[in-house]
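Structure at a glance
The chain contents come next:
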Amino acid sequence: MGKGVDARVAKTTEIDWDGVKAPSRDAFEVLAQAAFDRLPEEFRALCSDVIFNVTEFPEDDVLKELEAESPFDLLGLFSGVGLPQQGYAPQTGQMPNTIHLYRRPILDYWAEHDESLGAIVSHVMIHEIGHHFGFSDDDMEAIEAAAER
């Protein structure tokens, strides 16, 4: 074993694993709020009317509409009308724009990847905010690819 592995093993043995649990829904909401609070003010201001909703899993009708094979396939979802499609005034009866973060699928993803939970929550949130701004999945993939260069 290398020194880096030895250091990680030493840190692991320092943690009281018997007391460690996955974050509750309330703790997850705090984590999501902290991720949102780290975003630039200009970005947050454009999301002032967006509702953030943490639930365990997507609703069955959402899974069916998106043809998801499993409730773990979807980490987040934007529902509503993106900013570019909105008129000058909200339509009567229009539901508020909502970003859904799905706790259990995000935790499952976290367990299988070498990323921090905070980074994953931030990524999912920013992705869904991108839909609020009117970007498609393809648009956001291109932006992410360009940022990685």
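One structure accompanies this document, and this report is about it.

Conventions adopted
Residues numbered from 1 in each chain as written. Predicted model: local features only at pLDDT ≥ 70, side-chain atom pairs only at ≥ 80, totals over all residues. Heavy atoms only, no water. Buried < 20%, exposed > 50% of the residue type's maximum accessible area, 1.4 Å probe, protein only. Helix = DSSP H or I, 4+ residues; strand = E, 2+ residues; numbered from the N terminus. Contact = heavy atoms within 4.5 Å. Phe/Tyr/Trp six-rings, centres within 6.5 Å; stacked < 30°, edge-to-face > 60°.

What follows concerns helix H5 (residues 103-112). Along H5, the positions that sit buried rather than exposed are Arg103, Pro105, Ile106 and Leu107. Looking at the packing, one finds that the buried side of H5 touches helix H2 (25-37), strand S1 (51-55), strand S3 (98-102) and helix H6 (117-132).

Within this structure, the stated rule accounts for three aromatic pairs. An angle of 55° between the planes, with centres 5.0 Å apart, marks the rings of phenylalanine 36 and phenylalanine 52 as tilted. Pair noted here: phenylalanine 36 is in helix H2 and phenylalanine 52 is in strand S1, with a separation of 16 residues, a long-range link. Classification of phenylalanine 36 as buried rests on a relative accessible area of 12%. Its relative accessible area of 31% is what places phenylalanine 52 among the partly exposed residues. Aromatic side chains phenylalanine 57 and phenylalanine 72 sit 5.1 Å apart centroid to centroid with 90° between the ring planes, which places their arrangement in the edge-to-face category. Taken together, the residues phenylalanine 57 in the loop between S1 and helix H4 (60-65) and phenylalanine 72 in the loop between H4 and strand S2 (76-79) connect sequence positions 15 residues apart. Assessed through its relative accessible area of 25%, phenylalanine 57 is described here as partly exposed. The class for phenylalanine 72 is partly exposed, based on a relative accessible area of 33%.

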